[in-house]
Amino acid sequence: MPRRLLRLLVPTPDRTRVLARPNGLAGWTLPVLPVAEGADVTWDDELLAAAERVVGTAIRPVREVVGGAWEVEAQGRIPAVGATWIAPAEAGRLGADAALLVRWADDGG
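Just so it is clear, the structure is predicted and the values come from calculations on it, not from any experiment.

**Digging into the sheet that holds strand β1 (residues 3-9)**
Move 1: Taken together, the four strands give an open sheet; going across it, the order is β4-β1-β6-β5, and neighbouring strands pair in mixed fashion. Either end of the sheet is taken by a strand with one partner, and the two such strands are β4 (32-36) and β5 (59-64). Put simply, the sheet's adjacent strands are angled 40° from each other on average, direction ignored.
Move 2: Alignment of β1 against β4, held across five bridges, turns out to be antiparallel.

**Comments concerning the pairing of strand β6 (residues 70-74)**
Move 1: Where β1 meets β6, two bridges bridge the pair, whose relative direction is parallel. Across the sheet, Leu-8 pairs through a bridge with Trp-70, a residue of β6.
Move 2: Taken together, the five bridges between β5 and β6 define a ladder with antiparallel strand orientation. Its bridge partner being in β6, Arg-63 is matched across the sheet by Glu-71.

**A look at unusual backbone geometry**
Glycine aside, residues mostly have negative phi, and peptide bonds are mostly found in the trans state.
Move 1: The phi dihedral of Arg-15 falls on the positive side, at around 65°, and the residue is not glycine.
Move 2: Summarising the element assignment, Arg-15 is placed in the loop between β1 and β2 (18-22).

**A short note on the sheet that holds strand β3 (residues 28-29)**
Move 1: Pairing is antiparallel in the open sheet, where three strands are placed in the order β3-β2-β7. What marks the edges here is a single partner per strand, and that holds for β3 and β7 (84-86).
Move 2: With three bridges joining them, β2 and β7 adopt antiparallel strand pairing. Residue Val-18 lies in a different strand from β7, and its bridge partner there is Ile-86.

**Notes on the environment of Pro-61**
Move 1: Mapped onto the fold, Pro-61 is located in strand β5.
Move 2: Taking relative accessible area as the criterion, Pro-61 reaches 23% and is therefore assigned partly exposed.

**As for the pairing of β2**
Move 1: Most of β2 is tucked away, with four of its five residues classed as buried.
Move 2: Taken together, the two bridges between β2 and β3 define a ladder with antiparallel strand orientation. Opposite Pro-22, over in β3, you have Trp-28 as the bridge partner.

**Quick notes on helix α1 (residues 45-55)**
Move 1: For α1, the complete set of buried residues consists of Leu-47, Ala-50, Ala-51 and Val-55. Angular distribution of buried residues about the axis of α1 spans 130°; they occupy a single face of the element. Facing away from the buried side of α1 by more than 90 degrees, the exposed set consists of Asp-45, Glu-46 and Arg-53.
Move 2: Residues of α1 that are buried in the fold lie against β1, β2, β4 and β5.

Rules behind the numbers
- Residues numbered from 1 in each chain as written.
- Predicted model: local features only at pLDDT ≥ 70, side-chain atom pairs only at ≥ 80, totals over all residues.
- Heavy atoms only, no water.
- Pairing = 2+ DSSP bridges.
- Helix = DSSP H or I, 4+ residues; strand = E, 2+ residues; numbered from the N terminus.
- Axes fitted to C-alpha atoms, helices over the stretch in contact; angles between N-to-C directions.
- Buried < 20%, exposed > 50% of the residue type's maximum accessible area, 1.4 Å probe, protein only.
- Arc of directions from axis to C-beta.
- Contact = heavy atoms within 4.5 Å.

By themselves, these figures tell us nothing about what the structure is for.
Right, dumping it as structure tokens:
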């Protein structure tokens, strides 16, 4: 079955920055996980568990945002190893995900 990447926007509690992970090319990306191509995102137990593994803590889906990405709320502390926090003003650090972060922030974050 064809897959696509679901991007997760995980904001800080004050909503000024979002979680980013290394992309392997000396840059950063939003956390991603594979989902079925063309299917609506249904937050069943399997998808929720996969997203929690990617983020590093329990999450709560909040809303679908621009570009088919989802904003999720971290329910615990996110491990610092392999993570950074990027503000919309630093969106260029996200490479291909930069436009997504800017649009999310422009829509009220």
